[in-house]
Amino acid sequence: MNVTSGQPAPPKAQDGKLARWLVIAVLCAMLVGACVLGYLGWTSTDTSVPASGYVALVLGVVFSLVVGVGLMALVFYSSRKGYDEPVVLIREPESDPDDGQSGPR
């Protein structure tokens, strides 16, 4: 390993490329496996879904999208209005003993 001024040399570009290709290959294999499993699960039965099942599916998807979009809108709104800023302590001015008001005890 080359050491220059006490710091190790950066890793070779070849090491990073191999790791990237390995990760891509593993993810592609997982995608193919998920697709095969989904296809087998979809076609392994001859059960039909009633119309009420499709209506429930559509309503569930629409409701989930409305909730997701609404929550993201609230996140952007609160961020732009400054509600996400850190808390700042505003100290109250100390009262003079001559003004006749009694301070906290």
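Keep in mind the model is a prediction, meaning the values are calculated, not measured.

In terms of regular secondary structure, the protein is built from 2 helices and 2 strands. The 105 residues of the protein split such that 1% are buried.

As a further point, take helix α2 (residues 51-81). When the terminal C-alpha atoms of α2 are compared, their 45 Å separation across 31 residues agrees well with the 45 Å that a helix rising 1.5 Å per residue should span. At the exit of α2 stands Gly-82, carrying a positive phi of roughly 90 degrees.

Once that is clear, we can look at the UniProt feature "transmembrane region" (unreviewed entry) in the protein. In the UniProt entry, the feature "transmembrane region" (unreviewed entry) is given for residues 21-42 and 54-77. For the annotated span residues 21-42, helix accounts for 100% and strand for 0% of the residues, and the straight-line distance between the end C-alpha atoms is 31 Å. The distance separating the terminal C-alpha atoms of residues 54-77 is 34 Å; by composition the span is 100% helix and 0% strand.

On to a nonpolar patch on the surface. On the surface, a cluster of nonpolar side chains totalling about 500 Å² of accessible area is made up of Leu-22, Val-23, Val-26, Leu-27 and Met-30. Among the secondary structure elements, Leu-22 is positioned in helix α1 (residues 13-43). Taking the relative accessible area as the measure of exposure, Leu-22 reaches 56% and is therefore exposed.

In the predicted model, the protein carries a mean pLDDT of 85, and the fraction of residues at 70 or more is 80%. Confidence, read as mean pLDDT per element, is least for strand β1 (residues 3-4) in the protein (56) and greatest for α2 (95).

Tracing the chain through its elements places Ser-78 in helix α2. Side-chain polar atoms of Ser-78 contact the backbone oxygen of Val-75, separated by 3.1 Å. In this view, Ser-78 contacts Tyr-83 and Asp-84; residues no more than four positions away in its chain are not counted.

What counts and what doesn't
- Residues numbered from 1 in each chain as written.
- Predicted model: local features only at pLDDT ≥ 70, side-chain atom pairs only at ≥ 80, totals over all residues.
- Heavy atoms only, no water.
- Helix = DSSP H or I, 4+ residues; strand = E, 2+ residues; numbered from the N terminus.
- Buried < 20%, exposed > 50% of the residue type's maximum accessible area, 1.4 Å probe, protein only.
- Expected span 1.5 Å × (residues − 1).
- UniProt positions renumbered as here; feature names shortened; annotations may be inferred.
- Patch = residues over 30% accessible without salt bridge, like charges linked within 9 Å, V, L, I, M, F, W, Y side chains within 5 Å.
- Areas by Shrake-Rupley, 256 points an atom, 1.4 Å probe, with all protein chains shown as cover.
- Salt bridge = Lys/Arg side-chain N within 4 Å of Asp/Glu carboxyl O.
- pLDDT = per-residue confidence, 0-100.
- Polar contact = N/O pair within 3.5 Å; in protein donor to acceptor, adjacent residues only side chain to side chain.
- Contact = heavy atoms within 4.5 Å.

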